[in-house]
Amino acid sequence: MARASTSDPTGLHRVLDDALVLPQAAQRLDTREELWPDEVRIRVEKLNLDAASFRQLERKHAGDGEQVRAEVLDIVSTRGKMQNPETGSGGMLVGTVEEVGPESTLGLSVGDRVATLVSLTLTPLVIQDGLSNWDGRGEQVPCDGYAVLFGRSIAAVIPDDLPADLSLSVMDVCGAPALTARVVADYAEPTVAVIGGGGKSGSLSLAAARQAGAGRLIGVVPHQAEADLLRATGLADEVVIADARDPIALRDAVKKAGGPADVTVVCVDVPGCEGGAILATAEQGTVIFFSMATSFSAAALGAEGLAADVKMIVGNGYVPGHAAYAMELLRTNEGVRNLFEGRL
């Protein structure tokens, strides 16, 4: 495809497919360094792979870090972006602004250290160091290369009072607590169940639900070690162990802990949790799906098949002010911060 003569704030001018599609749906993006007037180029120092994507790669290669690294390099070089072909998800990145187009409206300046708040699945990306400093065994990927942000991209300047790795971990999931708080605030002291409550998005969602007026908080985790960690934080009123892929076990565990839930938040990175989340939710309740492992057709058809009168929301990762809100939760909630620092 010929190079576009004008830019579009959505990044259409970077799409190299013959069909007219948005960058996220494209098979390949134009990654050249030269900027259109409304773009920003970032010198990348670290990628944070989406949890569902990394787990899928880890399972596929039986934990062989060299093979995981090789596949990530192949995906990026082939597609011009990081988009796992199996999960469809990517992640986000940290880096330093090295050039700002004269018509950019993102409010960034050369030298700003930023975390991008748009997915790697739509971000033109070039890796220049072969990921030589990554062993392929963790979601955070040291990297030297560059990425390009469009006119409608989002990035946040990393705060000076927090370590960069910690900020990256929070910003990777900052959409979850903001949307959870918005939904919980529509109920009067609701019971809230967070599936995957011991994880990054789950712990932030528990803290956000408490702040938004939840009456009872139930954290669901897969095993005893996670339960012990979550109980120690005090983020949940009840912590239960259940396999979220077993719909009956999940329903019964939430019910025993004081459910069904008025609001159920799904934050696990494994497929097959849709039915249990629906069964754990009260009539006219709300299920928020944040996991990229969710099958949204399974969720819709499952709710229909169960005659479940529930609202289902796809967490799209963006709520105005979501990054600042999540960072403030981290600063002011010792339990959340301890969980995040422990995982790092």
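Our subject is the structure that appears above.
I will try to describe carefully the structure that is included in this document. (Residues numbered from 1 in each chain as written. Predicted model: local features only at pLDDT ≥ 70, side-chain atom pairs only at ≥ 80, totals over all residues. Heavy atoms only, no water.)

**Describing the packing of helix α4 (residues 175-184) against helix α5 (residues 200-211)**
For any two helices packed against each other, the geometry comes down to the angle between their axes and how far apart the axes lie. As a reminder of what qualifies: Every axis corresponds to a line fitted to the C-alpha atoms, with the helix fit spanning only the stretch in contact, and the corresponding angles, defined between N-to-C directions, vary from 0 to 180 degrees. The numbering of helices and of strands both runs from the N terminus, where a helix is a DSSP run of H or I of at least 4 residues and a strand a run of E of at least 2. When the near helix sits turned anticlockwise from the far one by under a right angle, the crossing is termed left-handed; a clockwise turn instead gives a right-handed crossing. Note on contacts: a residue pair qualifies if any of its non-hydrogen atoms lie within 4.5 Å across the two residues. In this classification, the charged set is Asp, Glu, Lys and Arg, the nonpolar set is Ala, Val, Leu, Ile, Met, Phe, Trp, Tyr, Cys and Pro, and all remaining amino acids, among them Gly, are polar.
Between α4 and α5, the least distance of the axes is 8 Å, while the angle of their chain directions is 35°. Note that α4 runs across α5; the crossing there is right-handed. In this structure, α4 contributes A176, P177, T180, A181 and V184 to the contact, and α5 contributes S201, L204, S205, A208 and A209. Classifying every residue of the contact of α4 with α5 gives seven nonpolar, three polar and no charged.

**With respect to the pattern of salt bridges**
To be explicit about the condition: The working definition used for a salt bridge is a side-chain nitrogen of Lys or Arg within 4 Å of a carboxyl oxygen of Asp or Glu. Here's how the labels work: a residue is buried when its accessible area is under 20% of the maximum for its type, exposed when over 50%, partly exposed in between, all with a 1.4 Å probe on protein chains only.
For the coordinates displayed, the defined rule picks out 26 salt bridges. A salt bridge links R43 to D144; the nearest nitrogen and oxygen atoms lie 3.5 Å apart. Pair noted here: R43 is in strand β1 (residues 40-49) and D144 is in strand β5 (residues 140-149), with a separation of 101 residues, a long-range link. The exposure class of R43 is partly exposed, given its relative accessible area of 24%. Connected through shared salt-bridge partners, E33, R41, R43, E98, E99 and D144 make up one network.

**Remarks on the side chain of T180**
Operational definition: As used in this structure description, the phrase polar contact means that two N or O atoms lie within 3.5 Å; if the pair is within protein, one of them must be able to donate a hydrogen and the other to accept it, and residues adjacent in sequence are counted only when both atoms belong to side chains.
Mapped onto the elements, T180 comes out in helix α4. With a relative accessible area of 0%, T180 lands in the buried category. Here S205 takes part through its side chain, which lies 3.5 Å from a polar atom of the side chain of T180. Excluding residues that lie within four positions of it along the chain, T180 makes contacts with S205, A209, V265, I288 and F290.

**Quick look at the pairing of strand β7 (residues 191-195)**
Selection rule: A pair of strands counts as paired when DSSP detects no fewer than two bridges linking them. Orienting the strands away from the viewer, one traces the path from the first strand over the helix to the second; a clockwise path indicates a right-handed crossover.
Summarising burial for β7: five of the five residues are buried, a large majority. Sheet topology places β7 next to strand β8 (residues 216-221); five bridges connect them, and they run parallel. By the bridge assignment, A193 is partnered in β8 with I218. Read as a crossover between parallel neighbours, the route from β7 over α5 to β8 is right-handed.

**Digging into the sheet that holds strand β4 (residues 125-127)**
Pairing within the open sheet is antiparallel, and its six strands lie in the order β4-β5-β1-β2-β3-β6. Edge positions in the sheet fall to β4 and β6 (155-157), since each of these pairs with one other strand and no more. Looking at each pair of strands side by side, their axes are set apart by 35° on average, direction ignored. Both β4 and β5 contribute to a ladder of three bridges, which runs antiparallel. Paired with L125 across the two strands is A147, which belongs to β5.

**Overview of the sheet that holds strand β11 (residues 281-289)**
Strand order in this open sheet of six strands is β9-β8-β7-β10-β11-β12, and the pairing throughout is parallel. Here the strands that pair on one side only, and so sit at the sheet edges, are β9 (238-241) and β12 (311-314). Along the sheet, successive strands turn relative to each other by an average axial angle of 20°, direction set aside. Relative to strand β10 (residues 261-266), β7 is paired through four bridges, and the arrangement is parallel. Following the sheet pairing, V194 is matched in β10 by V265. On the sheet, helix α7 (residues 247-256) packs against β7, β8, β9 and β10 and is oriented at approximately 145° with respect to β8.

**A few points about empty space enclosed by the protein**
Basically, it comes down to this: Here a cavity denotes grid points, spaced 1 Å and computed from the protein atoms alone, that fit a 1.4 Å probe unable to get out, and a pocket denotes an open set having protein on both sides within 12 Å along at least 5 of 7 lines; residues with an atom within 4 Å of a point are the lining. Grid points are joined across faces, edges and corners, and a volume is the space filled by probe spheres set on the points.
Across all of its chains, the model carries one cavity of 30 Å³ or more by this definition. What lines the largest cavity is V266, V268, V270, P271, G272, C273, E274, F289, S291, A293 and T294. Of the residues in the lining of the largest cavity, the class split is seven nonpolar, three polar and one charged.

**Here's the deal with the environment of L330**
By the element assignment, L330 lies in helix α10 (residues 322-332). With relative accessibility at 0%, the residue L330 sits in the buried group. The contacts of L330, once residues within four sequence positions are left out, are L162, L166, V170, V336, R337 and F340.

**Re the nonpolar core**
What counts, and what does not: Nine residue types can take part in a nonpolar core, namely buried Ala, Val, Leu, Ile, Met, Phe, Trp, Tyr and Cys, and a core is a set of them joined through side-chain atoms within 4.5 Å.
Ranked by size, the top nonpolar core spans 48 residues in total, and within it V192, V265 and F340 carry the most contacts. The biggest single contributor to this core is α4, with six residues. Setting aside anything within four residues of it in sequence, one finds F340 in contact with L166, S169, V170, V173, K200, S203, L204 and L330. If you look at the next biggest cluster of nonpolar residues, it comprises 27 residues, including I42, L108, I127 and W134.

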